[in-house]
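Reading the structure
Residue-level listing of the chains:
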There are 2 protein chains.
Amino acid sequence: MMILMPANSPTSLDDEVEIRPPDSRDKILEVAEGLFAYGGYSGVGMRQLAAMVGLSKSALFHHFPTKIDLYEAVLDRVLVRIEHGLNGAAIHEGDPVAQLDAWVDAVVCTLAEDAPAGRLMMRALVDEEPFPAISLGVGANGAEPDRELMIFEVRLAGIVERFGGLLERGIAEGVFRAVPTGDAILNVVGTLVFYFASGDLGEALVGESIFSHSAVSRRRREVSQFIRGGLLA
Amino acid sequence: MMILMPANSPTSLDDEVEIRPPDSRDKILEVAEGLFAYGGYSGVGMRQLAAMVGLSKSALFHHFPTKIDLYEAVLDRVLVRIEHGLNGAAIHEGDPVAQLDAWVDAVVCTLAEDAPAGRLMMRALVDEEPFPAISLGVGANGAEPDRELMIFEVRLAGIVERFGGLLERGIAEGVFRAVPTGDAILNVVGTLVFYFASGDLGEALVGESIFSHSAVSRRRREVSQFIRGGLLA
DNA sequence: GTCTATACGATGATAGAC
DNA sequence: GTCTATCATCGTATAGAC
């Protein structure tokens with residue numbers, strides 16, 4: 001389990017002491033991620049969470065003033081991991097097809113590394129009131145969004161936008177089929193995330209844990225072929 | 001909104017009087033479907049539901065002894081619609097490619113007809129403790145499942161099995177790529193369902209309501225092409 | 001930062017009268 | 001079938017001591 005720094009935090013070495021008190025907050029987020037993934041937002045109780053993390057209920061409310069704040073922090077942490085995986089991959093090298101492969105593989109590998117992430121992402125994507133930031137271009141124009149945007153939403157909008165750009169370049173070069181990017185993005189996201197959110201259903205279908213080594217390496221091949229087949233000209 | 005009969009109910013004409021008291025139970029299911037789709041299982045209160053349907057809370061508990069019973073009934077009703085859509089389509093005529101097209105289109109059309117269905121299905125698929133019935137072959141052998149199966153799960157297992165059979169026939173005939181059926185099923189289900197579960201995110205990406213007439217007719221084309229590309233040899 | 005104590009509303013569910 | 005009344009429990013949040 002890697003330790004990640006927020007993408008926008010200024011990196012200075014002597015902050016180390018202050019930045020990482022490897023303490024309660026991280027443990028809360030870790031446990032909460034599993035619980036939210038399992039039971040959804042409404043299915044998790046702060047009492048229950050506090051007990052599992054070994055803290056008092058009120059100590060928990062000290063770290064996260066409200067339940068939704070905790071939820072946002074958990075979601076954002078997962079997205080930071082995905083962003084990190086994308087940044088570490090060669091998604092800007094080679095032709096659009098190679099970039100697509102790198103993109104897909106990076107997401108698959110990140111979701112394969114911690115089990116709750118896929119389910120959590122799928123829940124967040126399905127839950128209502130998500131992500132108008134995408135249609136706004138994330139602050140590209142001066143129009144204020146009609147409600148407070150979650151950090152999580154802005155981060156997701158950035159990722160989706162980068163993928164949309166890749167799609168458009170591939171279409172312009174003629175290597176991808178000329179498809180509406182909206183539908184294509186939904187196809188790819190659905191395919192990528194659903195496998196890792198499918199839990200027991202997925203296990204019943206593939207015949208072993210969807211997170212086992214062999215299942216994941218098979219998945220990397222299969223999802224890449226499926227998406228290439230669906231997108232390439 | 002069509003009136004459907006359970007697939008296994010004996011069809012006799014004079015049952016009509018008894019079968020359809022077009023009454024409270026249906027109204028409860030209708031409202032509950034919307035609520036569960038919007039807020040998930042834990043996010044819906046029986047008080048709230050009773051108020052919206054115009055009943056007392058205890059009257060509600062008379063129709064459905066427990067909340068989970070209601071939830072199962074709602075899920076099953078959606079699956080019955082999907083089953084009905086599949087039965088009405090030409091999924092047994094022509095070569096496997098034609099059957100695949102009929103299959104995909106039938107599911108898309110059913111999910112397009114009532115908005116909560118897709119979101120509800122995605123939630124149910126992501127929720128834990130689903131569907132070991134699939135690996136058991138739905139009563140094909142004598143082994144008892146280790147817990148009570150929901151009607152809903154058995155019905156889903158049947159649908160998934162039929163699709164798995166179609167995949168295997170297509171692979172045997174050489175018209176589909178030789179892929180592991182488990183991964184392929186998850187790819188198709190994820191692609192099919194996620195679009196109709198994506199709500200505001202989907203709307204932001206496709207530029208209009210995902211249930212609008214133009215969006216749905218575009219979707220029928222796009223998802224068919226995407227899945228064909230991903231599966232065909 | 002962490003704890004105990006307390007409060008309030010809402011929840012799922014039950015019992016019994018009409 | 002539908003209602004009112006009631007129950008214990010939960011989620012959420014606050015206040016204040018250590």
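Residues numbered from 1 in each chain as written. Chains lettered and ligands numbered in written order. Predicted model: local features only at pLDDT ≥ 70, side-chain atom pairs only at ≥ 80, totals over all residues. Heavy atoms only, no water.

Let us look at the nonpolar core. Counting 143 residues, the largest nonpolar core has L70(A) and L70(B) as its most contacted members. Setting aside its immediate chain neighbours within four residues, L70(A) contacts I28(A), L29(A), A32(A), F36(A), M46(A), L49(A), L60(A) and F64(A). (Core = buried A, V, L, I, M, F, W, Y, C linked by side-chain atoms within 4.5 Å. Buried < 20%, exposed > 50% of the residue type's maximum accessible area, 1.4 Å probe, protein only. Contact = heavy atoms within 4.5 Å.)

So, on to the environment of P96(B). Residue and element names in this part refer to chain B. Topologically, P96 is positioned in helix α6 (residues 96-113). Between the C-alpha atoms of P96 and L166, which are 70 residues apart in sequence, the distance is 6.6 Å. Not counting residues within four places of it along the chain, the set of residues in contact with P96 comprises L166, R169, G170, E173, V175 and F176. (Helix = DSSP H or I, 4+ residues; strand = E, 2+ residues; numbered from the N terminus.)

A few words now on the protein's contact with DNA strand D. Taken together, the neighbourhood of DNA strand D is formed by 15 residues, with R47(A), K57(A), S56(B), S58(B) and H63(B) sitting nearest. Within 4 Å of the protein, the atoms of DNA strand D are drawn from sugar and phosphate moieties in a proportion of 41%. Note that a base oxygen of DNA strand D is positioned 3.2 Å from one of the side-chain N or O atoms of S58(A). Within the side chain of T66(A), a nitrogen or oxygen atom sits 3.2 Å from a phosphate oxygen of DNA strand D. Listing elements by their share of the surface near DNA strand D, those giving two or more residues are α3 (46-53) and α4 (57-63) of chain A together with α4 (57-63) of chain B. For the surface near DNA strand D, the element with the most residues is α4(B), which contributes 4 residues. (Near = heavy atom within 4 Å. Polar contact = N/O pair within 3.5 Å; in protein donor to acceptor, adjacent residues only side chain to side chain.)

The subject of this paragraph is the relation of the copies chain B and chain A. Least-squares fitting of chain B to chain A yields an RMSD of 0.1 Å, with the transformation described by 0.0 Å of translation along the axis and a rotation of 180°. This pairing of chains is accounted for by a two-fold axis. A symmetric contact is evident, with 100% of the interface residues of chain B recurring at the interface of chain A. (Least-squares fit on C-alpha atoms with pLDDT ≥ 70 in both.)

On to the pattern of salt bridges. All chains considered together, the criterion is met by 24 salt bridges over all chains. A salt bridge links D101(A) to R228(A), with the shortest nitrogen-to-oxygen separation between them at 2.6 Å. A residue pair is termed long-range when its members are at least 10 positions apart, and D101(A) in helix α6 (residues 96-113) and R228(A) in helix α12 (residues 213-231) qualify at 127 residues. Taking relative accessible area as the criterion, R228(A) reaches 32% and is therefore assigned partly exposed. The salt bridge partner of D76(B) is R155(B), with a shortest N-O separation of 2.7 Å. (Salt bridge = Lys/Arg side-chain N within 4 Å of Asp/Glu carboxyl O.)

In this model, α6(B) (18 residues) spans 26 Å end to end at C-alpha, consistent with the 26 Å of a helix rising 1.5 Å per residue. Within α6(B), 13 of the 18 residues are buried, which leaves it mostly tucked inside the rest of the structure. (Expected span 1.5 Å × (residues − 1).)

Quick look at the confidence of the model for chain A now. Residues and elements named next belong to chain A. The share of residues in chain A with pLDDT of 70 or more is 82%, and the mean pLDDT across the chain is 84. This model gives residues 1-20 a pLDDT under 50, and the stretch forms 16 contacts once residues within four places in sequence are excluded. For residues 130-146, every residue scores under 50 in pLDDT, and the model assigns this stretch 34 contacts once sequence neighbours within four places are set aside. (pLDDT = per-residue confidence, 0-100.)

Let's shift gears to helix α7 (residues 116-126) of chain A. Among the 11 residues of α7(A), 10 are classified as buried, and the element is accordingly described as predominantly covered. All of the buried residues in α7(A) are A117(A), G118(A), R119(A), L120(A), M121(A), M122(A), R123(A), A124(A), L125(A) and V126(A).

Applying the stated criterion to the full structure yields 13 aromatic pairs over all chains. Considering the side-chain rings of F36(A) and Y41(A), the 6.0 Å spacing of their centres and the 10° angle between planes classify their relative orientation as stacked. F36(A) sits in the buried class, given a relative accessible area of 1%. Given the relative accessible area of 25%, Y41(A) is considered partly exposed. Taking 4.8 Å as the distance between ring centres and 80° as the angle between the ring planes, the aromatic pair formed by Y195(B) and F196(B) counts as edge-to-face. The exposure class assigned to Y195(B) is buried, which follows from its relative accessible area of 0%. Looking at F196(B), the relative accessible area reads 1%, which means it is buried. Aromatic ring contacts, followed pair by pair, group F36(A), Y41(A) and Y71(A) into a single cluster. Over the ring of Y41(A) we find K67(A); its NZ or CZ atom is 4.5 Å from the centre of that ring. (Phe/Tyr/Trp six-rings, centres within 6.5 Å; stacked < 30°, edge-to-face > 60°. Lys NZ or Arg CZ within 6 Å of the ring centre and 35° of its normal.)

With that settled, the discussion passes to the protein's contact with DNA strand C. By nearness alone, 17 residues border DNA strand C, and S56(A), H63(A), M46(B), R47(B) and K57(B) come closest of all. The sugar and phosphate moieties of DNA strand C supply 44% of its atoms located within 4 Å of the protein. V44(B) is positioned with one of its backbone polar atoms (N or O) 2.9 Å from a phosphate oxygen of DNA strand C. In this structure, a phosphate oxygen belonging to DNA strand C sits 2.9 Å away from a side-chain N or O atom of K67(B). The greatest single-element share of the surface near DNA strand C, amounting to 5 residues, is contributed by α4(A). Residues of the surface near DNA strand C, tallied by class, amount to 5 nonpolar, 8 polar and 4 charged. (Nonpolar A, V, L, I, M, F, W, Y, C, P; charged D, E, K, R; others polar.)

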